[in-house]
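Listed below, chain by chain, are the residues.
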Amino acid sequence: MKKQAPKHTTATEARSGMAETGRKPTPLQAQVLLAACRRSEDMGDSQAARDQMKREVLETPAELLPDLLTALTTVRITRADLFQPTTTDRKECNP
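Residues numbered from 1 in each chain as written. Predicted model: local features only at pLDDT ≥ 70, side-chain atom pairs only at ≥ 80, totals over all residues. Heavy atoms only, no water.

Thoughts on the packing of helix α3 (residues 27–43) against helix α5 (residues 65–73)
For the pair α3 and α5, interaxial distance at closest approach is 9 Å and the crossing angle is 25°. Classed by the angle they form, the pair α3 and α5 counts as roughly parallel. For the element pair α3 and α5, the recorded crossing hand is left-handed. For the pair formed by α3 and α5, the contact residues are Leu 28, Gln 29, Gln 31, Val 32, Ala 35, Ala 36 and Arg 39 on the first element and Leu 65, Pro 66, Leu 68, Leu 69, Ala 71, Leu 72 and Thr 73 on the second. Split by residue class, the contact of α3 with α5 holds 10 nonpolar, 3 polar and 1 charged. (Axes fitted to C-alpha atoms, helices over the stretch in contact; angles between N-to-C directions. Helix = DSSP H or I, 4+ residues; strand = E, 2+ residues; numbered from the N terminus. Parallel < 35°, antiparallel > 145°, perpendicular 65-115°, else oblique. Left-handed = near helix turned anticlockwise from the far one by under 90°. Contact = heavy atoms within 4.5 Å. Nonpolar A, V, L, I, M, F, W, Y, C, P; charged D, E, K, R; others polar.)

Structure follows, in C-alpha coordinates:
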(Lines give C-alpha, C1' and ligand atoms only; values in the text may rest on other atoms or scores of the structure.)
Protein backbone atom coordinates (compact mmCIF):
# COMPACT_ATOMS: atom_id res chain seq x y z
CA MET A 1 0.00 0.00 0.00
CA LYS A 2 1.31 3.39 -1.01
CA LYS A 3 1.89 6.04 1.59
CA GLN A 4 -0.23 9.12 0.92
CA ALA A 5 0.92 12.64 1.60
CA PRO A 6 -0.92 14.28 4.50
CA LYS A 7 -3.52 16.87 3.61
CA HIS A 8 -2.26 20.29 4.66
CA THR A 9 -4.57 22.96 6.01
CA THR A 10 -4.81 25.99 3.75
CA ALA A 11 -4.21 29.47 5.15
CA THR A 12 -7.88 30.35 4.73
CA GLU A 13 -8.98 27.24 6.61
CA ALA A 14 -6.57 28.04 9.42
CA ARG A 15 -7.68 31.68 9.69
CA SER A 16 -11.37 30.83 9.58
CA GLY A 17 -11.12 29.28 13.02
CA MET A 18 -9.16 32.18 14.50
CA ALA A 19 -12.16 33.92 16.05
CA GLU A 20 -13.46 30.75 17.63
CA THR A 21 -10.07 29.85 19.13
CA GLY A 22 -9.74 33.23 20.81
CA ARG A 23 -6.49 34.14 19.06
CA LYS A 24 -5.60 37.79 19.15
CA PRO A 25 -5.65 39.53 15.77
CA THR A 26 -2.35 40.78 14.39
CA PRO A 27 -1.74 44.56 14.59
CA LEU A 28 -2.67 44.93 10.92
CA GLN A 29 -5.84 42.88 11.40
CA ALA A 30 -6.73 45.09 14.37
CA GLN A 31 -6.36 48.20 12.19
CA VAL A 32 -8.53 46.67 9.47
CA LEU A 33 -11.14 45.58 12.03
CA LEU A 34 -11.32 49.13 13.40
CA ALA A 35 -11.67 50.58 9.90
CA ALA A 36 -14.37 47.99 9.10
CA CYS A 37 -16.21 48.87 12.30
CA ARG A 38 -16.16 52.54 11.42
CA ARG A 39 -17.32 51.85 7.86
CA SER A 40 -20.16 49.66 9.17
CA GLU A 41 -21.14 52.44 11.56
CA ASP A 42 -21.12 55.00 8.74
CA MET A 43 -23.30 52.74 6.61
CA GLY A 44 -25.73 51.96 9.44
CA ASP A 45 -25.17 48.22 9.18
CA SER A 46 -27.02 45.76 11.40
CA GLN A 47 -25.21 43.75 14.07
CA ALA A 48 -25.38 40.67 11.85
CA ALA A 49 -23.66 42.57 9.02
CA ARG A 50 -20.99 43.82 11.46
CA ASP A 51 -20.35 40.27 12.69
CA GLN A 52 -20.04 39.03 9.11
CA MET A 53 -17.62 41.85 8.28
CA LYS A 54 -15.47 40.88 11.28
CA ARG A 55 -15.42 37.22 10.21
CA GLU A 56 -14.47 38.18 6.66
CA VAL A 57 -11.64 40.47 7.82
CA LEU A 58 -10.23 37.66 9.97
CA GLU A 59 -10.43 35.28 6.99
CA THR A 60 -8.67 37.70 4.62
CA PRO A 61 -5.18 36.53 3.62
CA ALA A 62 -2.41 38.64 5.18
CA GLU A 63 -1.12 39.82 1.81
CA LEU A 64 -4.51 41.42 1.01
CA LEU A 65 -4.97 43.23 4.33
CA PRO A 66 -3.11 46.44 3.30
CA ASP A 67 -5.37 46.82 0.25
CA LEU A 68 -8.46 46.16 2.36
CA LEU A 69 -7.35 48.77 4.89
CA THR A 70 -6.90 51.30 2.08
CA ALA A 71 -10.33 50.52 0.68
CA LEU A 72 -12.02 50.85 4.06
CA THR A 73 -10.30 54.11 4.99
CA THR A 74 -10.71 55.88 1.66
CA VAL A 75 -13.22 58.71 1.91
CA ARG A 76 -16.04 58.25 -0.57
CA ILE A 77 -17.92 61.36 -1.60
CA THR A 78 -21.14 61.16 -3.56
CA ARG A 79 -22.85 63.97 -5.39
CA ALA A 80 -25.57 64.01 -2.72
CA ASP A 81 -22.91 64.68 -0.07
CA LEU A 82 -21.98 67.90 -1.82
CA PHE A 83 -25.51 69.25 -1.61
CA GLN A 84 -26.71 67.70 1.65
CA PRO A 85 -23.71 67.18 3.90
CA THR A 86 -24.35 64.95 6.86
CA THR A 87 -22.55 64.62 10.14
CA THR A 88 -22.58 61.64 12.41
CA ASP A 89 -21.57 61.24 16.01
CA ARG A 90 -18.82 58.66 16.24
CA LYS A 91 -19.25 55.95 18.79
CA GLU A 92 -16.41 53.92 20.17
CA CYS A 93 -15.80 50.90 17.91
CA ASN A 94 -15.00 47.69 19.66
CA PRO A 95 -13.62 45.27 17.05
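Looking at the side chain of Thr 60
Topologically, Thr 60 is positioned in the loop between α4 (47–59) and α5. Polar side-chain contacts of Thr 60 include one of 2.7 Å to the backbone oxygen of Glu 56. (Polar contact = N/O pair within 3.5 Å; in protein donor to acceptor, adjacent residues only side chain to side chain.)

A look at the confidence of the model for the protein chain
Predicted confidence across the protein chain gives a mean pLDDT of 77, with 63% of residues reaching 70 or more. Low pLDDT, under 50, characterises residues 16–20; the predicted model gives this stretch 5 contacts beyond four residues in sequence or across chains. (pLDDT = per-residue confidence, 0-100.)

A look at the nonpolar core
Counting 9 residues, the largest nonpolar core is built from Val 32, Leu 33, Ala 35, Ala 36, Val 57, Leu 58, Leu 65, Leu 69 and Leu 72. Mapped onto this core, the elements with two or more residues apiece are α3, α4 and α5. With 4 residues, α3 is the single largest residue contributor to this core. (Core = buried A, V, L, I, M, F, W, Y, C linked by side-chain atoms within 4.5 Å. Buried < 20%, exposed > 50% of the residue type's maximum accessible area, 1.4 Å probe, protein only.)

Notes on α5
Within the sequence span of α5, burial applies to Leu 65, Leu 69 and Leu 72. For α5, the buried positions fall inside an angular range of 70° around the axis, keeping them on one side. The inward-facing, buried residues of α5 contact α3 and α4. (Arc of directions from axis to C-beta.)

Here's the deal with α3
With 17 residues, α3 should cover 24 Å at 1.5 Å per step; its first-to-last C-alpha distance of 24 Å lies within 8% of that length. Buried residues of α3: Gln 29, Val 32, Leu 33, Ala 35, Ala 36, Cys 37, Arg 39, Ser 40 and Glu 41, and no others. Following α3 by one or two positions, Gly 44 adopts a phi angle in the positive range, close to 70°. (Expected span 1.5 Å × (residues − 1).)

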